[in-house]
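# Remarks on the overall topology
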Amino acid sequence: CLYHSPTSGRIYFITTSEEGVVAQYDLTLNAAGRIAGEKVREWTVGKCEGAVADDAAQVVYISEETKGVWRFAAEPDAQTQGKLIAPVGEH
């Protein structure tokens, strides 16, 4: 998913994986006018199903197959510790 930081104005790509690794990339235009990405942080969640960012709230929500939906701070300098907000089997 993409996250547009209201703090810095930068755009970030957040990718998930079946292995549970989440990575965040700072997207920029390189000298050739192409999009380039630089990894700014990485953390492990568990087998991920997808992600969505809320730019205004500065958070990213990641669904983990066996546990539920996690909420993480979306800024690249934020901690990678999330909060489980919708456990599997509830809600």
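Residues numbered from 1 in each chain as written. Predicted model: local features only at pLDDT ≥ 70, side-chain atom pairs only at ≥ 80, totals over all residues. Heavy atoms only, no water.

Before going further, it helps to spend a moment on the sheet that holds strand β3 (residues 21–29). Strands sit in the order β1-β2-β3-β4 across an open sheet of 4 strands; the sheet is antiparallel. Looking at which strands have only one partner, the edges of the open sheet turn out to be β1 (2–4) and β4 (35–44). Averaged over all adjacent pairs, the angle separating strand axes in this sheet is 25 degrees, with direction ignored. By the bridge criterion, 5 bridges tie strand β2 (residues 11–15) to β3 in an arrangement that is antiparallel. For Y12, the partnering residue across the bridge sits in β3 and is D26. (Pairing = 2+ DSSP bridges. Helix = DSSP H or I, 4+ residues; strand = E, 2+ residues; numbered from the N terminus. Axes fitted to C-alpha atoms, helices over the stretch in contact; angles between N-to-C directions.)

Once that is clear, we can look at the nonpolar core. Formed by Y3, Y12, I14, V22, W43, V45, C48, V60, I62, W70, F72 and A74, the largest nonpolar core amounts to 12 residues. When contributions to this core are tallied by element, the ones reaching two or more residues are β2, β6 (59–64) and β7 (68–73). Apart from the residues within four sequence positions on either side, V45 is in contact with G20, V22, E64, W70 and F72. (Core = buried A, V, L, I, M, F, W, Y, C linked by side-chain atoms within 4.5 Å. Buried < 20%, exposed > 50% of the residue type's maximum accessible area, 1.4 Å probe, protein only. Contact = heavy atoms within 4.5 Å.)

Overall, the coordinates contain 4 aromatic pairs when judged by the stated rule. With centroids separated by 6.5 Å and ring planes inclined at 35 degrees, the aromatic side chains of F13 and Y25 adopt a geometry described as tilted. In this pair, F13 is assigned in strand β2 and Y25 in strand β3, connecting sequence segments 12 residues apart. The exposure class assigned to F13 is partly exposed, which follows from its relative accessible area of 33%. A relative accessible area of 25% places Y25 in the partly exposed class. Each member of the aromatic cluster is reached from another via a ring pair, and the members are W43, W70 and F72. (Phe/Tyr/Trp six-rings, centres within 6.5 Å; stacked < 30°, edge-to-face > 60°.)

For E75, the position within the fold is in the loop between β7 and β8 (83–87). Polar contacts involving the side chain of E75 include one to the side chain of Y3, which spans 2.4 Å. (Polar contact = N/O pair within 3.5 Å; in protein donor to acceptor, adjacent residues only side chain to side chain.)

One pass over the structure, following the stated rule, counts 3 salt bridges. Note that E42 is salt-bridged to K39, the shortest N-O span being 2.7 Å. A salt bridge links K47 to E65, with the nearest nitrogen and oxygen atoms 3.5 Å apart. Taken together, the positions of K47 in the loop between β4 and β5 (48–54) and E65 in the loop between β6 and β7 put the pair 18 residues apart, joining distant regions of the chain. (Salt bridge = Lys/Arg side-chain N within 4 Å of Asp/Glu carboxyl O.)

What follows covers the pairing of β5. Of the pairings in the sheet, the one linking β5 to β6 comprises 6 bridges and is antiparallel in character. Looking across to β6, one finds that A53 is bridged to V60. Where β5 folds back onto β6 in an antiparallel hairpin, the turn is made up of 4 residues, including Q58, whose phi is positive at roughly 60 degrees.

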